[in-house]
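Topology and contacts: notes
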Amino acid sequence: MRSIYIAGHRGMVGGAILRQLEARRDAGEAINLITRTSSELDLTNQAAVREFMQDEAPDAVILAAAKVGGIHANNTYPADFIYDNLMIQSNVIRHAHDAGVQQLLFLGSSCIYPRAAEQPMAEDALLTGVLEPTNEPYAVAKIAGIKLCESFNRQHGRDYRSVMPTNLYGPGDNFHPENSHVLPALIRRFHEAAERGDPEVVVWGSGKPMREFLHVDDMAEASLFVLDLPKPVYDANTRPMLSHINVGTGSDVSIGELAHMVADVTSYRGRITQDISKPDGTMRKLMDVSRLERMGWRARISLLDGLRETYEWFLAHGDELRR
């Protein structure tokens, strides 16, 4: 029986991966799933992670645990974002290795690429320019995670792989009015405006930046696809120190277009205006997903269908999310 530890199983991505692995297990696949809540295991605590890994010695680790947030959160808590993520990654990857774990999947972010990277952003754009200042600490931590995996592969012959998702959304997202990413923040703002009958909704920034959005169920499917790839196939499509794989849809929309899509989904009928005093962030972040498509995987959930599903989930959990 294959034993898999999912770090961050209560997060949006980790939860989606857990659901898909549970479905595999229910269908008869021999999988032992290992999870721990943050209260049961503090991943920033080196001694605790070391003891856990030695005791459990899983066959594979999926590292989906991270401290995440939108532009406001990254600007407000930069020390927290770099420190917590560096600690989580360093502890999990190092002590997985020490416990003899041969296979690990690290989940990063598209913010690893330079602010002015050529579009769409290919994997080889990494470390070729200056990062976006609003999320540089988080991006540096994620880059370090990629290089940790690659370095353990080079020095110790491990099979530690990395996937870099574009902007994710879906069931289990963070809908906090200040600390969430743009899409869930817009869903909550337009929903509440529709409820109150507000004549206007103000959207941060110019509305011109382009963003790509991937449903979390697609991300979970892609993650397990990459984890399960035969090593010769993975190695043939990557390089030892450029081994990460982009995960996205290959298409994007402007924030202004997204706002109107969310307004339609939430049945908001008022005006939409832009607050140009707020930061835009990177003007475009489109992923080049040709590497993953060559391996045989492509996203299947359209943005409109995903928005509708996510809004239905928000409606079902609204009271809980407002506490």
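One structure accompanies this document, and this report is about it. Every value quoted in this text rests on a predicted model; they were computed, and no experiment measured them. (Residues numbered from 1 in each chain as written. Predicted model: local features only at pLDDT ≥ 70, side-chain atom pairs only at ≥ 80, totals over all residues. Heavy atoms only, no water.)

Let's talk about the sheet that holds strand S11 (residues 253-254)
- Here 3 strands make up an open sheet; going across it, the order is S11-S8-S13 and the pairing mixed. The open sheet has two edge strands with one neighbour each: S11 and strand S13 (284-285).
- Across 2 bridges, the pairing between strand S8 (residues 210-211) and S11 is antiparallel. Bridge assignment links Arg-211 to a residue of S11, and that residue is Val-253. (Pairing = 2+ DSSP bridges. Helix = DSSP H or I, 4+ residues; strand = E, 2+ residues; numbered from the N terminus.)

Re the nonpolar core
- One finds Tyr-5, Leu-43 and Met-53 to be the most contacted residues of the largest nonpolar core, which totals 40 residues.
- Going through the elements one at a time, strand S1 (2-7), helix H2 (46-56), strand S3 (60-63), helix H4 (78-98), strand S4 (103-107), helix H5 (136-156) and strand S5 (159-165) are the ones with two or more residues in this core.
- Here this core gets 6 residues from one element, more than from any other, and that element is H5.
- In this structure Leu-43 touches Tyr-5, Ala-7, Val-49, Ala-65, Met-87, Ile-88, Asn-91 and Val-92, once residues within four positions along its chain are discounted.
- In this structure, Leu-18, Ala-222, Leu-224 and Tyr-234 belong to the second largest nonpolar core, which totals 32 residues. (Core = buried A, V, L, I, M, F, W, Y, C linked by side-chain atoms within 4.5 Å. Buried < 20%, exposed > 50% of the residue type's maximum accessible area, 1.4 Å probe, protein only. Contact = heavy atoms within 4.5 Å.)

Quick notes on the environment of Lys-285
- Positionally, Lys-285 belongs in strand S13.
- With a relative accessible area of 10%, Lys-285 lands in the buried category.
- C-alpha separation for the pair Lys-285 and Ser-110, spaced 175 residues apart in sequence, amounts to 7.5 Å.
- Aside from chain neighbours lying at most four places away, what touches Lys-285 is Ser-110, Cys-111, Gln-119, Met-121, Asn-135, Thr-166, Met-210, Arg-211 and Glu-212.

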